[in-house]
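An overview of the molecular structure
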Amino acid sequence: MAIQLIVHGGAGLVAGEHHAAVMATCSAAVASGIAHLREGGTALNAVEIATRILEDDPLFNAGYGSVLNRDGKVEMDALIMDGRTFQIGAVAAVSRLKNPISLARRVMEATPHHLLAAGGAEQFAAEQGFELVPPEHMIAPRQLATKSDGDTVGAVALDSAGNVAVAVSTGGVRGKLAGRVGDSPIPGAGGWADNALGAACATGVGEGIMRALLTFRAVNLLETHGAQAAAEAAVALFEQKFGGDGGLILVDREGKVGIAHNSPFMPVAWLNGDQISAQVAQK
Ligand code: GLY
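What comes next is a walk through the structure. (Residues numbered from 1 in each chain as written. Predicted model: local features only at pLDDT ≥ 70, side-chain atom pairs only at ≥ 80, totals over all residues. Heavy atoms only, no water.)

**Re helix α7 (residues 214-221)**
- Regarding α7, the residues found buried are Leu214, Thr215, Ala218, Val219 and Leu221. Buried residues along α7 cover an arc of 160° about the axis, so they all sit on one side.
- Looking at the buried residues of α7, the elements they touch are β7 (191-194), β8 (198-204), α6 (206-212), α8 (227-242) and β9 (246-252). (Buried < 20%, exposed > 50% of the residue type's maximum accessible area, 1.4 Å probe, protein only. Helix = DSSP H or I, 4+ residues; strand = E, 2+ residues; numbered from the N terminus. Arc of directions from axis to C-beta. Contact = heavy atoms within 4.5 Å.)

**Focus: the environment of Ser277**
- Among the structural elements, Ser277 can be located in strand β12 (residues 275-282).
- Separated by 251 residues in the primary sequence, Ser277 and Cys26 have C-alpha atoms spaced 9.5 Å apart.
- A polar side-chain atom of Ser277 sits 2.9 Å from a polar atom in the side chain of Asn272. (Polar contact = N/O pair within 3.5 Å; in protein donor to acceptor, adjacent residues only side chain to side chain.)

**Some thoughts on the pattern of salt bridges**
- On inspection of all chains with the given rule, the structure shows 5 salt bridges.
- Note that Arg105 is salt-bridged to Glu48, the shortest N-O span being 2.9 Å. Placement of Arg105 in helix α3 (residues 100-110) and of Glu48 in helix α2 (residues 43-56) is noted, with a sequence separation of 57 residues between them. Each member of the pair, Arg105 as well as Glu48, is classed as buried. (Salt bridge = Lys/Arg side-chain N within 4 Å of Asp/Glu carboxyl O.)

**Section: the sheet that holds β9**
- Across the sheet, which stays open at both edges, the 4 strands sit in the order β7-β8-β9-β10 with antiparallel pairing between neighbours. Taken across any chain shown, the strands that pair with only one partner, and hence form the sheet edges, are β7 and β10 (257-261). Taking the axes of each pair of neighbouring strands and ignoring which way they run, one obtains an average angle of 10° across the sheet.
- Relative to β10, β9 runs antiparallel, the two sharing 5 bridges. Of the residues in β10, the one forming a bridge with Gly247 is His261.
- Across the face of the sheet, α7 comes into contact with β7, β8 and β9 while running at roughly 145° to β8. (Pairing = 2+ DSSP bridges. Axes fitted to C-alpha atoms, helices over the stretch in contact; angles between N-to-C directions.)

**What to know about the packing of aromatic side chains**
- This structure, assessed with the given rule, holds 2 aromatic pairs.
- Ring centres 5.2 Å apart and planes at 80° place the aromatic pair Trp192 and Phe216 in the edge-to-face group. With Trp192 in strand β7 and Phe216 in helix α7, this residue pair connects regions lying 24 residues apart in the sequence.
- Given the relative accessible area of 36%, Phe216 is considered partly exposed.
- Among the aromatic side chains, those forming a connected cluster through ring pairs are Phe86, Trp192 and Phe216. (Phe/Tyr/Trp six-rings, centres within 6.5 Å; stacked < 30°, edge-to-face > 60°.)

Structure representation (structure tokens):
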């Protein structure tokens, strides 16, 4: 059975001087997740492993290095979903977690809920033994000095047992109002996974992605379209009907990938045969 892992580093403007670095981190994220899948590991673990690597790189708008809201604070959202069980874990508007994706997974596995927000999510994190860092420690110097390049990170995977999973993590949009939550932690918007079809992960301006329920739409297009055609059809509708701005990655049940965006750039990396391919996809 095929395995696959594809990651993205966020739709948006990626300065040329950063292209090599973002492709290197995307490739490293795929390499780590694929190593796990080659040992028989799960798609769920693989997307978490890959997303943590992207969260840790301050070049990406997720985890450390997230964009700042209107009050100069980091507020992050994340979601993980298991396509085998339809179980979901998500967190919204958290400021003190280095790796929100791992807290999202704990919400999925240790609570009867799907989404915890803000102070309640951080209280749960503390109870579960997660380190809570001072909020200012999540602010990378480049966020004070420059404009962010991209939006959101994410990963979708297929494991050797035929299970698909998705993980998404973001700092949201620069200058957002405190308490604003985007698409990323919303099932069917930021991410969706269904073993019968595949899994998808979105990036871009969250309000449009929520209006379109972009990843639910893209995954369901796999009933009638190939992977790349489904991604392109979903993004075309996203733009034309919902006025959306962004993109998505997806994987089907055979491990074929789809990549589509209407943003200027979207860094991606995936398993291409035996090799890892990486590119800053451009419009
Ligand atoms: N796509 C991330 C956000 O809008 O929050």
